[in-house]
Amino acid sequence: MAINNIWVFAQASGGVATTGTLELLTKARSLAGKVTAFVGGDAGAIAASLGEHGATKVYATGDLAGKLPGVALAAAMKSVIDSGDSPDVIMFPQNYEGRDTMARLSVKLNRTVLTNNIDIADTADGVVATTPIFGGNVLVATAFSGQGPHLVSFRPKSFAAESSGGAAPEVVAVAVPDLGKQGAAKVVATHSEKSSGPKLDEAAVVVSGGRGLGEAGNYTLIEDLAKLLKGAPGASRAIVDAGWVPYSYQVGQTGKVVKPSVYIAAGISGATQHMVGMKGSKNIIAINKDKEAPIFGIADLGIVGDVHKVLPKLIEALKARS
Amino acid sequence: MNIVVCVKQIPDPASPGALDASTNALKRDGKLILDESDAYGVEMALQLVASAGSGEVFVVSMAPNGETSGMRTALAMGAVKGLLVSDPALAGSDALTTAKVLAAAVTKLGGADLIIAGTESSDGYTGTVPEQIAECLGLPSVTFAKKVKVDGQVLKVDRQSETGYDEVECSLPAVISVTAGVVEPRYPSFKGIMDAKKKPLDVVTAGDLAVTPAGWAAAGQKIVSVTQAEARKAGTVIEDDGEAFGKIVAFLENLKLI
Ligand SMILES: Cc1cc2nc3c(=O)[nH]c(=O)nc-3n(C[C@H](O)[C@H](O)[C@H](O)COP(=O)(O)OP(=O)(O)OC[C@H]3O[C@@H](n4cnc5c(N)ncnc54)[C@H](O)[C@@H]3O)c2cc1C
Ligand SMILES: Nc1ncnc2c1ncn2[C@@H]1O[C@H](COP(=O)(O)O)[C@@H](O)[C@H]1O
């Protein structure tokens with residue numbers, strides 16, 4: 001099957017298109033002549049950058065008025081498809097809203113979904129998506145069979161975002177159909193954590209801590225080190241689940257994907273679900289007291305030692321230099 | 001308040017995963033255990049029913065073989081009844097078929113005020129099944145719940161977001177997916193384990209639920225290749241002799257990061 005028409009699920013954060021959105025648009029325009037961005041919200045502020053990255057058309061729902069995006073956007077997408085513009089492929093980001101929208105739409109269209117992918121190709125076997133398993137050691141390529149639209153989601157940083165210098169796209173308003181009782185969930189309040197320093201998924205240095213830190217209070221070692229290196233602090237899921245740090249710190253399969261120049265893992269075992277989020281780092285330093293810890297299998301520099309001894313000395317040494 | 005929890009039974013994650021040579025899918029034969037991701041859902045359901053003061057917790061599961069060990073764990077924790085959909089024809093089902101089957105199973109149990117699933121399973125992690133179940137049943141849903149309260153007929157959820165959380169309210173019946181760590185799953189007591197052996201656990205086929213099985217042939221997707229990714233080579237590993245921090249300093253210096 002040749003891919004002619006691709007939709008990209010587009011998101012904004014703080015008034016600009018997310019990097020993930022621009023990554024997907026960049027890939028989409030390499031595959032299809034016609035690329036449309038689908039925005040749950042107002043397209044106004046981000047339309048130009050969507051166009052610069054390859055979208056020639058933008059569907060926008062306008063403000064969702066507290067509705068959860070998944071149910072609303074799936075219904076809006078379905079109504080556009082029913083009215084005659086049916087894409088061959090819809091690309092979603094592997095995140096909350098992408099996942100929910102894709103799931104709802106798959107039932108409405110009776111189509112399968114392929115999730116957690118890092119690549120997509122138009123081949124003789126059809127549209128093929130690639131997903132890493134076993135911590136990224138094995139790549140599985142899966143072809144869609146049957147009719148489109150093919151629904152496929154991608155892990156962050158699967159593609160590099162590049163501008164094509166495209167013109168401003170045509171913006172078309174799409175109404176969200178009446179959702180009936182399926183639309184009963186409403187956001188009544190929003191809470192955001194304030195963070196300072198570079199963003200975890202953009203920082204050149206990431207220092208992550210795990211259960212090996214022993215207790216929540218010791219996480220300050222990670223924060224101090226990250227600050228000295230002008231990096232961002234991160235975490236394994238074990239200490240997020242334990243409530244030591246917020247979820248936004250989590251690196252891994254269900255957290256952020258990071259590819260910094262240096263990733264420092266302190267007291268982290270290196271579970272497959274953690275590794276998929278940080279294996280793409282240019283350099284990896286691991287500190288773990290267990291020399292059998294899987295993290296050493298991918299570390300450029302591994303220190304078999306106690307984080308409570310190594311980190312304070314490292315912090316002192318760096319302070320002495322600055 | 002009656003709650004149905006979707007519990008997936010998976011191969012023990014402690015043993016390394018393997019692919020079936022003929023289908024290239026994850027092997028799911030042999031003994032299956034309760035997915036830890038769903039232990040949170042079971043615990044949450046038990047706590048919500050306890051604080052509501054009435055109602056019961058049921059569990060539903062789909063598995064190609066007749067394995068029930070994982071469901072027995074949920075019954076031992078305190079669920080009162082289970083329904084397993086087991087059918088060799090369901091082997092290789094995609095997430096959509098799984099959701100259709102589980103939705104039909106929920107209906108077979110007479111529906112529920114609340115349906116709870118995990119945000120993602122440990123072995124499949126598509127993370128779409130809960131929302132697909134909601135759509136199949138025509139219900140509202142709140143995914144990524146990290147705190148859940150039921151206030152009369154209103155569900156109040158703290159929904160995790162990229163930067164914090166949203167407070168979401170929703171009428172019942174509804175579907176929620178809960179994140180790991182929301183509650184501390186209880187260990188089944190000895191008495192719980194003994195009682196679980198006698199609790200009702202029905203096993204039905206896809207046909208019994210009037211769902212067309214869509215295994216390998218009809219899943220709408222087909223694995224075309226499995227390849228080894230380029231391996232990342234391990235570098236130097238040294239034992240800390242009290243001076244190893246210096247090696248890190250030198251490493252960072254070399255990269256001109258300090
Ligand atoms: C569906 C699913 C999704 C998941 N998603 C993620 C994800 O996105 N991110 C993620 O990180 N995990 C994820 N996990 C969890 C993952 O499987 C692991 O449980 C988790 O990564 C373990 O965290 P940890 O390394 O901090 O803890 P542990 O595995 O307990 O490791 C602690 C390590 O610290 C070492 N240690 C102990 N004391 C010291 C000391 N004093 N000095 C030095 N070292 C010490 C130990 O040797 C050990 O290796 C997921 C799991 C599932 C099932
Ligand atoms: N075969 C299954 N049986 C029961 N529940 C399931 C099954 N597959 C998925 N689920 C539920 O859906 C959640 C998300 O699974 P997944 O979409 O596979 O990541 C799981 O945590 C379960 O609650």
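Residues numbered from 1 in each chain as written. Chains lettered and ligands numbered in written order. Predicted model: local features only at pLDDT ≥ 70, side-chain atom pairs only at ≥ 80, totals over all residues. Heavy atoms only, no water.

Further remarks concern the overall build of chain B. Along the backbone of chain B there are 6 helices and 13 strands. In chain B, which comprises 258 residues, the share counted as buried stands at 51%. Considering only intrachain contacts with a sequence separation of at least 6, the fraction spanning at least 24 residues in chain B is 71%. (Helix = DSSP H or I, 4+ residues; strand = E, 2+ residues; numbered from the N terminus. Buried < 20%, exposed > 50% of the residue type's maximum accessible area, 1.4 Å probe, protein only. Contact = heavy atoms within 4.5 Å.)

Here we come to the side chain of Arg99(A). Note that Arg99(A) resides in helix H4 (residues 96–109). A distance of 3.2 Å separates polar atoms of two side chains, one belonging to Arg99(A) and the other to Glu120(B). Residues within four places of Arg99(A) in sequence aside, it is in contact with Pro93(A), Gln94(A), Thr119(B), Glu120(B), Thr126(B), Gly127(B), Thr128(B) and Phe144(B). (Polar contact = N/O pair within 3.5 Å; in protein donor to acceptor, adjacent residues only side chain to side chain.)

With that settled, the discussion passes to the packing of aromatic side chains. Inspection of the entire model under this criterion finds 8 aromatic pairs over all chains. Aromatic rings pair up to connect Trp7(A), Phe38(A) and Tyr59(A) into one cluster. Positioned over the ring face of Phe58(B) is Lys81(B), at 5.4 Å from the centre of the ring. (Phe/Tyr/Trp six-rings, centres within 6.5 Å; stacked < 30°, edge-to-face > 60°. Lys NZ or Arg CZ within 6 Å of the ring centre and 35° of its normal.)

Moving on, we come to the pattern of salt bridges. Applying the stated criterion across every chain yields a total of 19 salt bridges over all chains. Residue Arg237(A) pairs with Asp241(A) through a salt bridge whose shortest N-O separation is 3.2 Å. Remark: Asp241(A) and Arg237(A) occur in helix H6 (residues 237–241); sequence separation between them is 4 residues, near one turn of the helix. On the basis of relative accessible area, Arg237(A) is assigned to the partly exposed category, the value being 33%. On the basis of relative accessible area, Asp241(A) is assigned to the partly exposed category, the value being 25%. Measuring nitrogen to oxygen at the nearest pair gives 2.9 Å for the salt bridge that ties Arg232(B) to Asp300(A). (Salt bridge = Lys/Arg side-chain N within 4 Å of Asp/Glu carboxyl O.)

A word on the sheet that holds strand E4 (residues 34–39) of chain A. Residue and element names in this part refer to chain A. Strands sit in the order E7-E11-E6-E1-E4-E5-E12 across an open sheet of 7 strands; the sheet is parallel. Sheet topology places strand E7 (113–117) and strand E12 (170–173) at the edges, where each strand pairs with a single neighbour. The sheet shows a mean angle of 20° between the axes of neighbouring strands, taken without regard to direction. By the bridge criterion, 6 bridges tie strand E1 (residues 5–10) to E4 in an arrangement that is parallel. Its bridge partner being in E4, tryptophan 7 is matched across the sheet by threonine 36. (Pairing = 2+ DSSP bridges. Axes fitted to C-alpha atoms, helices over the stretch in contact; angles between N-to-C directions.)

Right, let's talk about the pairing of strand E5 (residues 81–86) of chain B for a bit. Residues and elements named next belong to chain B. When you tally the buried positions in E5, you get 5 out of 6 residues, the bulk of the element. Note that E5 and strand E11 (residues 201–204) share 4 bridges and pair parallel. Opposite leucine 83, over in E11, you have aspartate 202 as the bridge partner.

The subject of this paragraph is the site of ligand 1. Contacts to ligand 1 come from 28 residues, most closely from Ser236(A), Val251(A), Thr254(A), Ser269(A) and Gln273(A). Residues lining ligand 1 come from chains A and B. In the model, a nitrogen atom of ligand 1 is placed 2.9 Å from a nitrogen or oxygen of the Asp306(A) side chain. For ligand 1, the accessible surface in isolation is 980 Å², of which the surrounding protein chains cover 84%. Secondary-structure elements contributing two or more residues to the shell around ligand 1 are H6, helix H7 (272–275) and helix H8 (307–321) of chain A. Residues of the shell around ligand 1, tallied by class, amount to 5 nonpolar, 17 polar and 6 charged. (Near = heavy atom within 4 Å. Areas by Shrake-Rupley, 256 points an atom, 1.4 Å probe, with all protein chains shown as cover. Nonpolar A, V, L, I, M, F, W, Y, C, P; charged D, E, K, R; others polar.)

Residue and element names in this part refer to chain A. Looking at the assigned domains, one finds that chain A contains domain 1 (5–183) and domain 2 (205–321). Computed over C-alpha atoms only, the centres of domain 1 and domain 2 are separated by 33 Å. Residue-level contacts link 8 residues of domain 1 with 11 residues of domain 2. For the pairing of domain 1 and domain 2, the buried interface totals around 790 Å² over both sides, and the portion due to carbon and sulfur atoms is 50%. Broken down residue by residue, the surface that domain 1 buries against domain 2 is led by Gly135, Arg155 and Lys157, which jointly contribute 61%. Where domain 1 touches domain 2, the interface holds 0 salt bridges. (Domains from an automatic or database assignment. Buried area = accessible area lost by both parts, 1.4 Å probe.)

A word on the interface of chain A and chain B. Note on interface size: it is often stated as the accessible area lost on association of the parts. Taken together, the 84 residues of chain A in the interface contact 73 residues of chain B. The largest share of the area that chain A buries against chain B comes from Tyr96(A), Arg99(A) and His191(A), three residues that together contribute 10% of it. Taken together, chain A and chain B are joined by 8 salt bridges. Taking the shortest distance from any N to any O, the salt bridge between Glu120(B) and Arg99(A) comes out at 3.2 Å. At the boundary of chain A and chain B, one finds 46 residue pairs in polar contact (both at pLDDT 80 or more). Looking at which element gives the most residues to the side of chain A that touches chain B, the answer is H4(A), with 9 residues. Sheet topology places strand E13 (residues 186–192) of chain A next to strand E9 (residues 164–171) of chain B; 6 bridges connect them, and they run antiparallel.

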